Structure formats: structure tokens, C-alpha cells
Amino acid sequence: YILTSHGGEGTMDSVGALELSLAQQRDKEFVRSSIPLVRDLENVQPLGEIIMESCQGSRVNGKLEGFGRADFIDGHRYEGEFCDGLMHGQGKFTWSDGVTYEGQFTNSEVTGHGTFTWKDGSWYTGGVVRSLRHGRGTFHCPRAGVTYCGVWTQGKREGKGRLGYDRSREAYYDGEWSSNWQEGWGTRRYSSGDVYEGAWHCNRRHGRGTMHWLTRGESYSGEWCHGVQHGQGEHIWVLKASDNSQYPLCNRYVGDWKEGKRDGYGRFLYASGAVYEGEWSGDCKHGRGTFTFQNGDVYEGSFCRDRMVPEQALGAVDKASATATTTGNNLLSTDVFAEDSSIGGGGGGGNGFGVLLRPKTPLGSLIGDIDSRQ
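By convention here, each chain's residues receive numbers from 1 onward along its written sequence. With the structure being a predicted model, the display of local features is reserved for residues of pLDDT at least 70 and the display and counting of side-chain atom pairs for 80 or more, all residues being used for whole-chain, interface and lining totals. Calculated side-chain values reflect all of the structure's heavy atoms, with hydrogen atoms and water omitted.

Visitor: What's the story with the overall build of the protein in this structure? I'm lost.
Guide: For the protein, the count of helices and strands is 3 helices and 22 strands. Only protein chains enter the accessibility calculation, which uses a 1.4 Å probe; a residue is then buried when its area is under 20% of its type maximum, exposed when over 50%, and partly exposed in between. Within the span of the protein, comprising 374 residues, buried residues form 41% of the whole. Of the accessible surface of the protein, which amounts to about 18,100 Å², a share of 49% is contributed by carbon and sulfur atoms. Counting from the N terminus, the helices are the DSSP runs of H or I reaching at least four residues and the strands are the DSSP runs of E reaching at least two. Accessibility throughout is a Shrake-Rupley quantity obtained with a 1.4 Å probe, and a residue counts as covered only by protein chains that appear here.

What follows is the structure, given as C-alpha cells:
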């Protein structure tokens, strides 16, 4: 009589080491869920190689029939039902190192429904085919607090399932799987309370999805690539409510993203009412764009790393032209262009005209300041 060693589940030491590794990573953005909860043996031992040493029970035509017991070399033991000399029906198999399987046997194979138990307290209960987890089942490791409940195929998470990352079960992934990877559509709740719902590929946010950073008061809905915002999307920063309103204020960006940063063309709507629409690079306004102040005045032109760059950057400043659309505009948002309140000059020995807007400062006075310095 032969059974695959440990039901294809590996040794007790490997169970504890892998589960501890998962527990240590559960608070990271991307838990390596591709690591099997319990390692399956790559080379399954063929039936017939575990040799019976002795047996007890009723015999029919010289073969065990009904309930009986069999002891194997190396200390393995089986107690349960026999049919035509084969382990068949309900039974319990105990390996020499203490790992047990109790459940259904089919023609001396671990096939049907049953429960594996390891010495460290880990267990699996559910469908089994030829000693591999197959069908619907639940695995739990009490030491790490990790629990998976869902569909298995040939010993791997495949299909729909939920993986809990801590004992409180507040951190989890609930969604689709493929070969132990989070793959398809799913919801991931992190221990911080942040939640992502959307598409996954190889354990990372990939495709369309929505992320809520509850602790930071932010959300993003749009396209993702390898775990970061990439493509078209909308990001919202929620600010505290004003004194005379019950609704919170928020900054909002809608546009292009590249590798987690605003990059390409986009529109930024400030809580103050100001709006910027134009080109971005590396999270900065960079290129051509239009800035509309909350009072309706407009600046249209070039920007460089969040700095307004008028067209006549190296020549004499056409004050009338410059002030026609910008003079007297007080910036009421402290996050219009940058937090730095200095006036930046361009290259070429200080002859440049790169203006970094000061919060609550009239643009006319800034331009006049530069004129006096030149």
C-alpha cells in the first residue's frame, strides 16, 4: 500500500518557516502570496512504494476487508476501512513525523474530502485529489494567523478565494487567484485600514482599480501598472472642512500618470477654486499650461518645475503684457505652485525670469521686484 509522503504538503519545519515569512510581510504593500502556504512536493511518491510491515483486520479471499489497521516500514500507520485489500473509505493515516490525514481514501490514494494536521497546529480541511489540495478547502496556520479559504487546483490557490493575513482577519485579500498569485479582480484590505479594489497581476495592482488611503485622506481611481498609478486616473486629497461648511474641501487631479507620478497632460482643481490645466512632468507643472485663479483671472504660458516662465524670459519684460492677466491676483491656496516662498531666477547670470509664486502675494509685486533687481 502506498501514499504520497505527507499528502504532498512538505515537512513541519517548512510549514512554520513559510508561514512565519508570510506573517513578517503581511503589513507590506505587496505580500509575496505566490509562496505556497505549505510547500507541495514536486516529486510525488508513486503508490506501491510504501511497504506494509504488518496488518490486522478481517480478510475475504485473503485480502483485508472492512475496518482494519496496517503498519508500514519507517513508522507510518493507517487505521480505517479496507476494500479488496486497498485502503478505501474513511480512515486515518499517520506519518512517522506526526503529520496526519483523516478523511476519505480511494483505492489507497488520499482522494476525496479530509483534514491534514501538522505538529505545529496548522491544518487543512477540504477537497483532496492524489494527496494534493484540490477543490474547495481551508488552510490555517495559528502561529502566523494566516488563513486561506477558497478554491485549490493541484495544490495551488486557483480561482476565487480569501487569504487573511492576521489573526484579527482585518487584513485580507478576497478575489481571484492563479497558481498561487493574486490574479484578476480582487479586494485587498491592509492592516492600516487602506483598501484597494480592482485588477491584479502577479500580486500587484495592475489594470483598473480604486485605492483608498484612509489614514491619509486620499483616493485614486484609474489605471495601475505593477503596483503604481500609470495611465489615466483621478487622485483626490481630502482636506479638513472649512469653518462654515459641513463638507470637506479637497484637491483633485484628473489626467495622465507615469510610474506613480503626475506626468503628461492633466487638470488640477484646488480646494480654493483655482485650476491648473496643462502639461506635467514628475509631479510638477512642466511645459505649456493655463492657471486660472479663484477670482477668474488667468495666466497662460510656460511652466518649469512648478515655476511660471513668461515668454520673454531673457529679454526686457513687457510689463503691460505681463500684468494684463496677472496683476493683483492674490493666491489664497498655499499649494498652488510650490511650498518654497523664494523668487527663483533662471540661468545666464541672473538674467532669467523664473517666478515661483508666493502664497497670498500679488503677482504684480513679484514682477516689480524682479524688475528692480535687473
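Visitor: Where do I start with the environment of Phe293 in this structure?
Guide: Tracing the sequence through the fold places Phe293 in the loop between strand S20 (284–292) and strand S21 (298–304). On the basis of relative accessible area, Phe293 is assigned to the buried category, the value being 5%. For the pair Phe293 and Val275, spaced 18 residues apart in sequence, the C-alpha to C-alpha distance is 6.6 Å.

Visitor: I keep staring at the pattern of salt bridges and nothing clicks. Help me out?
Guide: When a carboxyl oxygen of Asp or Glu is within 4 Å of a side-chain nitrogen of Lys or Arg, the pair counts as a salt bridge. The tally for this structure, following the rule as stated, stands at 11 salt bridges. With a closest N to O distance of 3.5 Å, Asp71 and Arg69 form a salt bridge. A single salt-bridge network, built from bridges that share partners, covers Arg69, Asp71 and Arg77.

Visitor: Please clarify how the packing of aromatic side chains should be interpreted in this entry.
Guide: The description of two aromatic rings rests on the distance between their centres and on the angle between their planes. Two aromatic rings, drawn from Phe, Tyr or Trp (for Trp, its six-membered ring), form a pair once their centres lie within 6.5 Å of each other, and the interplanar angle then sorts them: stacked below 30 degrees, edge-to-face above 60, tilted otherwise. Per the counting criterion, the structure on display carries 29 aromatic pairs. Plain terms: the ring middles of Phe72 and Phe93 are 5.6 Å apart, the flat faces sit at 45° to each other, and that makes the pair tilted. Of this pair, Phe72 sits in strand S2 (residues 63–72) while Phe93 is found in strand S4 (residues 86–94), placing the two residues 21 residues apart along the sequence. Neither Phe72 nor Phe93 differs from the other in exposure class; each is buried. Their ring planes at 80° and their centres at 5.5 Å tell us that Tyr196 and Trp224 sit as a pair that is edge-to-face. Here Tyr196 is found in strand S13 (residues 195–201), whereas its partner Trp224 is found in strand S15 (residues 218–225), with 28 residues between them in sequence. The exposure class assigned to Tyr196 is buried, which follows from its relative accessible area of 0%. By relative accessible area, Trp224 is classed as buried at 4%. Charge-over-ring placement is defined geometrically: NZ (Lys) or CZ (Arg) within 6 Å of the ring centre, and within 35 degrees of the ring normal. The residue whose ring lies beneath Arg162 is Tyr172, and the NZ or CZ to ring-centre distance is 3.8 Å.

Visitor: Whenever I open this one, unusual backbone geometry confuses me. Can you help?
Guide: Backbone geometry follows two general trends: most residues other than glycine have a negative phi, and most peptide bonds adopt the trans configuration. Within the chain, Gln154 stands out as a residue other than glycine whose phi angle is a positive 50°. As for its position among the elements, Gln154 is in the loop between strand S9 (146–153) and strand S10 (156–164). In this model, His226 sits at a positive phi of 55°, which is unusual for a non-glycine residue. Looking at the element boundaries, His226 is found in the loop between S15 and strand S16 (228–241).

Visitor: Help me out: how do you make sense of the pairing of strand S3 (residues 77–83) in this one?
Guide: Looking along a regular strand, one sees side chains alternate from face to face of the sheet. Should DSSP find at least two bridges between two strands, the strands are regarded as paired. Bridge count between S2 and S3: 6 bridges; the pairing is antiparallel. If you follow Gly68 over to S3, its bridge partner there is Gly80. In textbook terms, the turn of a hairpin is the stretch between consecutive antiparallel strands, and for S2 and S3 this stretch comprises 4 residues, one of which, Asp74, has a positive phi near 75°. Where S3 lies against S4, 6 bridges are found, and the strand directions are antiparallel.

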